[in-house]
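What follows is the residue order along each chain.
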Amino acid sequence: MLANLININKYYDGRQVLKNVNLVIDEKDRIGIVGVNGCGKTTLLRILTGKELPDRTTEKDGIVSFSSKASVGYLEQMSGLDRESTVIEEMKGVFSELDKVMERMKVLEKQMNETSDVSAEVSEEYSRLAAYYEANDGYNIKVKIKTILNGMGFTEKEYDRVINGFSGGEKTRLAIAKLLLEEPNLLILDEPTNHLDFKTVLWLEDYLRDYKGALLIVSHDRYFLDRVVTSVCEIELGTLTRYKGNYTAFTTLKKDDVKRRQREYDAQQREIAKLEDYIARNKARASTAASAKSREKALDRMEIVEKPMEVVNQPNLHFEYKVTPPFDILDVKDADISVGEGSGRKVLAENITFELKRGEKLGIIGENGIGKSTFLKILQGLLPHNGKIRWAANVKISYFEQESTNLDPHNTVIDELHKHYPILTDLDIRSLLGSVGIKGENVFRETGVISGGERAKVCFALMMLEKGNVLILDEPTNHLDLASKEAVEQALDEFDGTVIFVSHDRYLLNRISEKILEIRSDGTEMFMGNFDYYLDITRKREQELQQAIDAEKQAKAQALAQEKNARAYKSKEQRAEEARRRARVKELEELIEQNEERLAVLQEEITKEEIYSDFELMNSKCSEIEKLKNDNDEMFEEIIELS
């Protein structure tokens, strides 16, 4: 056990946010914390890390304890490094203790080299420090710093930049990098993916999956939780419930748990009603008063089962269409994405070519600024373009625009729907709005003042009325809570028409997409599967590229070694030194060759179903691959130095 929370309670303005929360964190735990906004997730983390104190009514309440070996690292939401130091100075500062050890070792080495009569105390101290330095991986400090900074998106050119000159998102990434270098055995992260792009998030996921310590993560990124955590804690009405498995497993277990608790509640309510009826009918009779009194006591002793919480404003979306289009629904050939006009026109992507069939669901991904939203408008003929875009007959497009600019900000919600569908009655519209989660007086608020999530729901209501057989959506889950995201996913999954959507929501991409179109500045590529399939393909390519780079490094190292071997030396000492170097180079080359052979075997193994379907075995294989690559990099560097 690393940490233990017992009976944690917290009140704000008389409202109880956390209610008797208990949580044990063990050494290898990977825990995700979920819940609606404001449920107390961040508050729980702040109490665990001592940033806030729990409210206590007895000495047994509000206990937060840690084991003696626990070291805690905490990334707060919307926080980051803000220092006068440079990036490399801040990262090296993590290893200041090891640097002191190395400095002392150098002093001792100098003493030992200056005299042949080395004292036992000096030798013993040097041996002890050397063992400590090696045990704490001191010889790999530079490799660690470079690996983590590169993974978090920082190039060597940025190492000497002063940190307080970075943006907020960059400071957050630096804070994560420093925490990873510190390697606490309990790493606590509050919304760590908020400022990360696809590439960095994927790297962080891989790194955390192999992390040696325990993880406690608050995140709305469901795909991130699916890949990293092995248990999920939900905070609901102040109470924490822990479920085994990742986020997808949690959603299934939660539904089953709610059904079970509802059955228990209903059964108990029936039992209570029977007892109360019996007591009411028999309490006044002398012959049955004792029996009634007995049942009354049983009722008083009964432990009441709480009614499961009903999801408030759970949207219920359903898309349908009336006209069925032909099978070959869309043909795109040599289209481009550009911004500006005339001489100022800039092409972001070109030669976009693909076909889409009726009922297919296409997810579109690409770097920020590549023009994905622009491309959705191009597909609808709303913007000029080069190339051919041909839709089949009888196509009716229903479009979800990311920022809801199609809504008049001065119209009330109900008036906005009346504007588009004047034939509908107020009752029809209010019923529809209620189904998407907009109820009561909210229907009379202007669309310009409601939240982004509520505007999205208004747009979904309009799409349900439009009955398009092709849905085009731009970031449909951006402003939605988890319950609303799941409702949108369910509706898109059940829709048997054609769907084209742009999204950064990898969980949505993975669940809905049958094809993934990646838009890049150097061209586009279609992947015939969901996001997991796209990820598998791109990772295999990266592995092949890395193998080619390693082979090139080895060839250069061998060439340098051969060049060195060809040189003549005048002195016996030089020849002896060269012989030692050649022997070491040969030894390193043999080790690299052995590692390459093992890497080839492992690369083949992780493509097999029996391996990648076994979570622990897959993790083990990936960890071994990473270690072999790091070992090879270090040996390549040593060969170059020797040469």
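Just so we're clear, the structure is a prediction, and the values are computed from it rather than from any experiment. (Residues numbered from 1 in each chain as written. Predicted model: local features only at pLDDT ≥ 70, side-chain atom pairs only at ≥ 80, totals over all residues. Heavy atoms only, no water.)

Participant: Sorry, what's going on with the pattern of salt bridges here?
Facilitator: Two side chains bearing opposite charge may form a pair once their charged atoms approach each other closely. In the structure shown here, the tally under the stated rule is 51 salt bridges. As a salt-bridge pair, D257 and R260 come within 2.4 Å of each other at their nearest N and O atoms. Of the two residues, D257 and R260 are both situated in helix α9 (residues 247-282); the distance of three residues between them amounts to about one turn of the helix. Judged by its relative accessible area of 13%, D257 is buried. For R260, a relative accessible area of 34% puts it in the partly exposed group. (Salt bridge = Lys/Arg side-chain N within 4 Å of Asp/Glu carboxyl O. Helix = DSSP H or I, 4+ residues; strand = E, 2+ residues; numbered from the N terminus. Buried < 20%, exposed > 50% of the residue type's maximum accessible area, 1.4 Å probe, protein only.)

Participant: Before we go on, may I ask you to explain the pairing of strand β1 (residues 3-12) in this structure?
Facilitator: Two faces belong to every sheet, and in a regular strand the side chains alternate between them. Pairing of β1 with strand β4 (residues 63-66), which is carried by four bridges, proceeds in the antiparallel orientation. Residue pairing for β4: L5 is matched across the bridge by V64. In the sheet, β1 pairs with strand β2 (residues 15-25) via seven bridges, with the strands oriented antiparallel. Bridging from a neighbouring strand, I8 pairs with V21 of β2. A loop of two residues connects β1 with β2, the two strands running antiparallel in sequence, and D13 in this loop sits at a positive phi of about 55°. (Pairing = 2+ DSSP bridges.)

Participant: Would you take a moment to explain the packing of aromatic side chains for this structure?
Facilitator: The geometry of two aromatic rings is summed up by the distance between their centres and the angle between their planes. Applying the stated rule across the entire model yields 15 aromatic pairs. Ring plane angle 80° and centroid distance 5.8 Å describe the contact between Y321 and F495, whose orientation is recorded as edge-to-face. Residue Y321 is found in the loop between α10 (289-301) and β10 (328-339), and its partner F495 is found in the loop between α15 (482-494) and β16 (498-502); the two are separated by 174 residues along the sequence. Each ring, one from F400 and one from F460, has its centre 4.7 Å from the other, and the planes form 15°; the classification is stacked. A residue pair is termed long-range when its members are at least 10 positions apart, and F400 in strand β14 (residues 397-400) and F460 in helix α14 (residues 452-466) qualify at 60 residues. Judged by relative accessible area, F400 falls into the buried class, the value being 1%. What links up through ring pairs into an aromatic cluster is the set F198, Y223, F527, F531 and Y534. (Phe/Tyr/Trp six-rings, centres within 6.5 Å; stacked < 30°, edge-to-face > 60°.)

Participant: What exactly am I supposed to notice about the environment of T57 here?
Facilitator: Along the chain, the position of T57 falls in the loop between α1 (41-48) and β4. For the pair T57 and N9, spaced 48 residues apart in the sequence, the C-alpha separation amounts to 9.0 Å. Within the structure, T57 has its side chain in polar contact with the side chain of D61 (distance 2.6 Å). (Polar contact = N/O pair within 3.5 Å; in protein donor to acceptor, adjacent residues only side chain to side chain.)

Participant: So what exactly am I meant to see when it comes to the packing of helix α5 (residues 141-151) against helix α7 (residues 198-209) here?
Facilitator: Axis angle and axis distance: for two packed helices, these are the angle between their axes and the distance between the axes, and together they describe the pair. Between α5 and α7, the least distance of the axes is 9 Å, while the angle of their chain directions is 135°. Relative to α7, α5 is oriented oblique. Taking contact as the criterion, the partners of T147, I148 and G151 in α5 are, on α7, T200, W203 and Y207. Looking at side-chain class alone, the contact of α5 with α7 contains three nonpolar, three polar and no charged residues. (Axes fitted to C-alpha atoms, helices over the stretch in contact; angles between N-to-C directions. Parallel < 35°, antiparallel > 145°, perpendicular 65-115°, else oblique. Contact = heavy atoms within 4.5 Å. Nonpolar A, V, L, I, M, F, W, Y, C, P; charged D, E, K, R; others polar.)

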